[in-house]
Amino acid sequence: MSEIYNFSAGPSVFPKSVLLQAQQELLDWQGSGQSVLEMSHRGNYFPTIAEQLESDLRALMAIPDNYKLLFLQGGASAQFSLIPQNILRGKSSACYVKTGAWSEKAVIDAQNFCDVLVSASSENSGYTTVPEESTWVLDEQAAYLHYTTNETIHGVEFSKIPNAKGLPLVADMSSNILSRVIDVSRYGLIYAGTQKNMGPAGVTVVIVREDLLGYASKTTPPVFDYQEQAKSHSMLNTPATYNWYLVGLVLKWLKAQGGVAAMEQFNNAKAAKLYQAIDQSTLYSNPVDVSYRSRMNVPFILADANLDQVFLKSAETQGLFELRGHRSVGGMRASIYNAMPEAGVKALIDFMIEFERTH
Ligand SMILES: *Cc1c(COP(=O)(O)O)cnc(C)c1O
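Residues numbered from 1 in each chain as written. Predicted model: local features only at pLDDT ≥ 70, side-chain atom pairs only at ≥ 80, totals over all residues. Heavy atoms only, no water.

**Overview of the domain arrangement of the protein chain**
- You can read the domains of the protein chain as domain 1 (27–256) and domain 2 (258–358).
- Counting residues at the interface gives 24 residues for domain 1, matched by 25 residues for domain 2.
- The tally of links between domain 1 and domain 2 comes to one salt bridge.
- Note that arginine 295 is salt-bridged to glutamate 157, the shortest N-O span being 2.7 Å.
- The tally of links between domain 1 and domain 2 comes to 17 residue pairs in polar contact (both at pLDDT 80 or more).
- Counting residues per element, the ones that place at least two in the side of domain 1 that touches domain 2 are β7 (156–157) and α6 (241–256).
- Broken down by element, the residue count for the side of domain 1 that touches domain 2 peaks at four residues, all from α6.
- Of the residues contributing to the side of domain 1 that touches domain 2, the split by class is nine nonpolar, eleven polar and four charged. (Domains from an automatic or database assignment. Contact = heavy atoms within 4.5 Å. Salt bridge = Lys/Arg side-chain N within 4 Å of Asp/Glu carboxyl O. Polar contact = N/O pair within 3.5 Å; in protein donor to acceptor, adjacent residues only side chain to side chain. Helix = DSSP H or I, 4+ residues; strand = E, 2+ residues; numbered from the N terminus. Nonpolar A, V, L, I, M, F, W, Y, C, P; charged D, E, K, R; others polar.)

Here you go:
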């Protein structure tokens, strides 16, 4: 099959060189005679892979020493319930900002464990913006403030870190982690599923400040108790070993690209080109407030929804796949994570221009 471009929101595109390396090493990892798939997590080789994974992520994100890194299972969705179970610290409430489908889900799940104060919501706008920070209502007694840095479905992204007014700031970064430089020290906890911008599905990264550890409720399963997993280097139970290895390869690739700062420039440039093409056309439009447009997930609609199916079918004939928008919002969505080459974005834009000309 000839080369295609995959605009899937997740699981999503991998760097080609990483797939080739994984293929090459599949039967024999670096002369060990073993496949990573077969390795004991406590054997001779896997601990090296695990240590490298942690140190590379620490270096790429400049994670301070007073933060623990956890590599868990259950996806970002499990964290929606695990965060309140782990870091309420005897408090009864938590603040949440609602800016799209994912933060909405986080609110619903947290409500099983604490009182949720919705500090701000852009639901009335159809989740096309972020409420002005000066209007946010924060409760200083709350355990933390939760927000979603990039709403994967609605295509809404924060361009700066909000002021949590002393509350530990908790962020779902599933779809834009490692896409821009961030100051980790501004956060109490960062979490992200790896299948958007870091590799395969099956690993959830949790970066948590040490002072928030040790407060899990008694009913929290030990494998989901941050403190217990931190103590055992996320190996309280058998970790998703092969997925850790693949995430590690993606991090090595990222380093070779120049790290997160280089990625940020590259991502900004890719997104700017695509939004420009959308804004210049009369067929396509994006409803999101320009200051909060996502650089990772670019939703757009066609002026005539009857053309949707034709658009998707013709795109596939040009090797452009997975452009259908999320079923809850319709239209199209192009996810252009770190691993989407500039040529992929260019091919999409060329196709869109040609489609508009002929329809
Ligand atoms: C995909 C996604 C999730 C859910 O991830 P799962 O791994 O399916 O649990 C949560 N939050 C955001 C922002 C996402 O993009």
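**Quick word on the environment of alanine 101**
- Looking at where alanine 101 falls in the secondary structure, it is placed in helix α4 (residues 101–110).
- Take alanine 101: its relative accessible area is 15%, and that puts it in the buried class. (Buried < 20%, exposed > 50% of the residue type's maximum accessible area, 1.4 Å probe, protein only.)

**A few points about the sheet that holds strand β8 (residues 169–172)**
- Judged by pairing direction, the sheet is mixed, and its seven strands sit side by side in the order β2-β10-β9-β8-β5-β3-β4 without closing on themselves. At either end of the open sheet lies a strand with only one pairing partner, and these are β2 (67–72) and β4 (115–121). On average, adjacent strands in this sheet sit at an angle of 20° to one another, irrespective of strand direction.
- The pairing of strand β3 (residues 93–98) with β4 spans six bridges and is parallel. Paired with valine 97 across the strands is alanine 120, a residue of β4.
- Against the sheet, helix α2 (residues 46–61) contacts β2 and β10 (204–209), and its axis sits at roughly 125° relative to β2. (Pairing = 2+ DSSP bridges. Axes fitted to C-alpha atoms, helices over the stretch in contact; angles between N-to-C directions.)

**Thoughts on the site of the ligand**
- The environment of the ligand is made up of 13 residues, and the closest members are Ser77, Thr152, Asp172, Gln195 and Lys196.
- In the model, an oxygen atom of the ligand is placed 2.6 Å from a nitrogen or oxygen of the serine 77 side chain.
- Out of a free accessible area of 380 Å², the ligand has 86% covered by protein chains.
- For the shell around the ligand, the element with the highest residue contribution is helix α3 (residues 75–87), accounting for four residues.
- Split by residue class, the shell around the ligand holds three nonpolar, eight polar and two charged. (Near = heavy atom within 4 Å. Areas by Shrake-Rupley, 256 points an atom, 1.4 Å probe, with all protein chains shown as cover.)

**Points about helix α1 (residues 16–25)**
- By the burial criterion, the buried members of α1 are Val18, Ala22 and Glu25. Taken down its axis, α1 places every buried residue within 75° of arc, on the same side. Turned more than 90 degrees away from the buried face of α1 sit Lys16, Gln23 and Gln24, all of them exposed.
- Summarising the contacts, the buried residues of α1 are in contact with α6. (Arc of directions from axis to C-beta.)

**Quick look at the pattern of salt bridges**
- Across all of its chains, the model carries 14 salt bridges by this definition.
- For the salt bridge of glutamate 342 with lysine 273, the shortest nitrogen-to-oxygen distance reads 2.6 Å. In this pair, glutamate 342 sits in helix α9 (residues 342–358) while lysine 273 sits in helix α7 (residues 259–280), placing the two residues 69 residues apart along the sequence.
- Note on glutamate 342: relative accessible area 41%, which makes it partly exposed.
- The partner of arginine 293 in a salt bridge is aspartate 279, and the shortest N-O contact between them spans 3.0 Å. On the criterion of sequence distance, the pair formed by arginine 293 in the loop between β11 (284–285) and β12 (297–302) and aspartate 279 in helix α7 is long-range, its members being 14 residues apart.

**Let's talk about empty space enclosed by the protein**
- Per the stated rule, a full pass over the model turns up one cavity of 30 Å³ or more.
- Roughly 90 Å³ of volume is contained in the largest cavity.
- Looking at the lining of the largest cavity residue by residue, the classes come out as nine nonpolar, four polar and one charged.
- When residues of the lining of the largest cavity are assigned to domains, at least three fall in each of domain 1 (27–256) and domain 2 (258–358). (1 Å grid on protein atoms, 1.4 Å probe; cavity = no way out; pocket = protein on both sides within 12 Å on 5 of 7 lines; lining within 4 Å. Points joined across faces, edges and corners; volume = space filled by probe spheres on them.)

**Structural notes on the sheet that holds β12**
- An order of β11-β12-β14 is seen for the three strands of this open sheet, with the pairing classed as antiparallel. On the outer flanks of this sheet lie β11 and β14 (332–335), each paired with one strand and no other.
- Across two bridges, β11 lies against β12 in antiparallel orientation. Note that in β12 the partner of tyrosine 284 across the bridge is leucine 302.
- Packed onto the sheet, α7 meets β11, β12 and β14 and runs at close to 15° relative to β12.

**Description of the pairing of strand β9 (residues 189–193)**
- In terms of residue burial, β9 counts as a mostly covered element, since five of its five residues are buried.
- Both faces of β9 are covered, namely the face carrying Leu189, Tyr191 and Gly193 and the face carrying Ile190 and Ala192.
- Two elements, β8 and β9, share three bridges in a ladder whose sense is parallel. Along β9, the bridge assignment pairs alanine 171 with isoleucine 190.
- By the bridge criterion, five bridges tie β9 to β10 in an arrangement that is antiparallel. For glycine 193, the partnering residue across the bridge sits in β10 and is threonine 204.

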